[in-house]
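Geometric and topological summary
Residues per chain, in single letters:
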Amino acid sequence: VLVPLYIYPSPNAWEPLFTAARSYPLQDFVVVVNPDNGPGCSPVPDCNYLKALSELSTLANVIILGYIYCSYGDRPLAEIETDIRIYHGWSHQQNSLSTWSGHDLHGSPRMKSLTIDGIFVDEVPSEQECLEFMSSISHTATTTLKHSGFARPLVIFNPGIFVIPAFYELAGYVVVFENAAPEWGSDYVRDNLALLTEDLRSRSIAIAHS
C-alpha cells in the first residue's frame, strides 16, 4: 500500500497510519514523507517530524520514501540532488531514538533510525527524450542512499499517466494513475493496462482520490 503522507505530524495526525500498520503486520506500507515540498532546507526536520518518523521507523512493515519533485523535467538537476542528499543526511544525525527493527525485503536485519529507504519522484515527465534526465535522478538516489537498510534503495516515479516501458528500467515502480477514483474504469486505463506485460503491471501504482 502506497501512502502519500503529505500531512504535518501534529499530535495524533499520523495515528491512523500507525494503527493500520500495526493491525496488518504482513502488509507492506510504502510511506512518502514530504516536510516542505521535499525535505526542506534544514539538515533534519523539526521535532514533531523527528518524533513521528522515529515511531514510524520502528514498524518493520513500513518503508519510508522521501518526496522530491522534478517539474516535468524543468527543475535543475542540482536542486534535486541537494534534496536527495538532505534526506540521506537524516540517517547521520545522532539521536537517542535509533533502534533495531525488522528485516529488509531480502530478509536481512536493518538499522532503523531516520533512514530514508528511497525516493518518490513527483511530476515526472512522460516524454522519451526525458529518459536521460530521469536516469540521472534515479542514479543519484540509488547511489546516495545505497547505505540505507535495503540492498537497493527504492525509487518510485510518478508521471500520473501510463508511460513507455523504458521508464520502468529506471525505477522500481511507476505511478500510472493519479486521478479521481471513478476514472479508474475509463477506456484509457483499461486499454493501457492491457498493453503492459504482467511484470510491468505488478510494478504499476494507482493513486485514487476524491
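For the chain, the name recorded in an unreviewed UniProt entry is Spherulation-specific family 4, with Immersiella caudata as its organism.

Quick notes on the packing of helix α3 (residues 77-90) against helix α4 (residues 131-144)
At a minimum axis distance of 10 Å, the contact between α3 and α4 shows a crossing angle of 20°. In terms of orientation, α3 and α4 fall into the roughly parallel class. The two elements α3 and α4 cross, and the hand of that crossing is right-handed. For the pair α3 and α4, the contacting residues are L77, I80, E81, I84, R85 and H88 in the first and F133, S136, I137, T140, A141 and T144 in the second. Taken together, the residues of the contact of α3 with α4 break down into 6 nonpolar, 4 polar and 2 charged.

Examining the pairing of strand β3 (residues 62-69)
In terms of burial, β3 is largely enclosed, as 8 of its 8 residues are buried. Alternating residues of β3 divide into V62, I64, G66 and I68 and I63, L65, Y67 and Y69, and every residue in both groups is buried. In this sheet, β3 lies alongside strand β2 (residues 29-33) in parallel orientation, the contact comprising 5 bridges. Bridging across to β3, V32 finds its partner in L65. Crossover β2 to β3 through helix α2 (residues 47-57) is right-handed. Across 5 bridges, the pairing between β3 and strand β6 (residues 118-122) is parallel. Within β6, the position partnered with I68 by the bridge is V121.

Some details on the confidence of the model for the chain
With 87% of its residues at a pLDDT of 70 or more, the chain has an overall mean of 89. When mean pLDDT is compared element by element in the chain, strand β7 (residues 154-158) scores highest at 98, while strand β4 (residues 99-103) scores lowest at 40. pLDDT under 50 marks residues 94-112. Its contacts with residues more than four places away, or in other chains, come to 42 contacts.

Focus: the pattern of salt bridges
Summed over the entire model, instances satisfying the criterion amount to 5 salt bridges. Here R75 ties to D83 by a salt bridge, and the two come within 3.0 Å at their closest N and O atoms. D83 gets classed as buried once you look at its relative accessible area, which sits at 8%. Taken together, the shared-partner salt bridges connect R75, E79 and D83 into one network.

What to know about the state of the cysteines
The full count for this structure, using the stated rule, is 0 disulfides. Unpaired in terms of disulfides, C130 finds its nearest cysteine sulfur in C70, a separation of 8.4 Å.

Regarding unusual backbone geometry
The phi dihedral of N12 is positive, around 70°, even though this residue is not glycine. Position of N12 relative to the elements: it lies in the loop between β1 (2-5) and α1 (15-23). At Y72, a position not held by glycine, the phi torsion is positive, near 55°. Structurally, Y72 can be placed in the loop between β3 and α3.

What to know about the side chain of S204
Along the chain, the position of S204 falls in strand β9 (residues 204-209). Taking the relative accessible area as the measure of exposure, S204 reaches 19% and is therefore buried. Apart from the residues within four sequence positions on either side, S204 is in contact with Y168, V174, V176 and L196.

Remarks on the nonpolar core
One finds W14, V31, V33, L56, V121, M134 and F157 to be the most contacted residues of the largest nonpolar core, which totals 61 residues. If one sorts the elements of this core by residue count, β3 sits on top with 7 residues. Other than its neighbours up to four places away in sequence, V121 contacts I68, C70, M134, I137, V155, I156, F157 and N158.

What counts, and where the lines are drawn
Residue indices begin from 1 for each chain and proceed along its sequence in written order. The predicted origin of the model limits local features to residues at a pLDDT of at least 70 and limits the giving and counting of side-chain atom pairs to 80 or more, whereas totals for whole chains, interfaces and linings rest on all residues. The basis for every side-chain value is the complete set of heavy atoms in the structure, and neither hydrogens nor water enter the calculation. The angle between two axes is taken between their N-to-C directions and runs from 0 to 180 degrees, where each axis is a line fitted to C-alpha atoms and a helix contributes only its stretch in contact. Under the scheme used here, helices are H or I runs from DSSP no shorter than 4 residues and strands are E runs no shorter than 2 residues, and both carry numbers assigned from the N terminus. Here the word oblique covers every angle except those under 35 degrees (roughly parallel), over 145 (roughly antiparallel) and from 65 to 115 (roughly perpendicular). Crossings are assigned a handedness: left-handed for a near helix turned anticlockwise from the far helix by less than a right angle, right-handed for a clockwise turn. The criterion used for residue contact is that any of the two residues' heavy atoms lie within 4.5 Å. Throughout, the ten residues Ala, Val, Leu, Ile, Met, Phe, Trp, Tyr, Cys and Pro are labelled nonpolar, Asp, Glu, Lys and Arg are labelled charged, and all others, Gly among them, are labelled polar. Only protein chains enter the accessibility calculation, which uses a 1.4 Å probe; a residue whose area is less than 20% of its type maximum is buried, one above 50% is exposed, and one in between is partly exposed. Strand pairing is defined by DSSP finding a minimum of two bridges between the two strands. Assignment of crossover handedness uses the view with strands pointing away from the viewer, where a clockwise path from the first strand over the helix to the second indicates a right-handed crossover. pLDDT: the predictor's confidence for each residue, scored from 0 to 100. Every case where a carboxyl oxygen of Asp or Glu lies within 4 Å of a side-chain nitrogen of Lys or Arg is listed as a salt bridge. The criterion for a disulfide is a pair of cysteine sulfur atoms lying within 2.5 Å. As used in this record, nonpolar core signifies buried Ala, Val, Leu, Ile, Met, Phe, Trp, Tyr and Cys residues forming a set joined through side-chain atoms within 4.5 Å.

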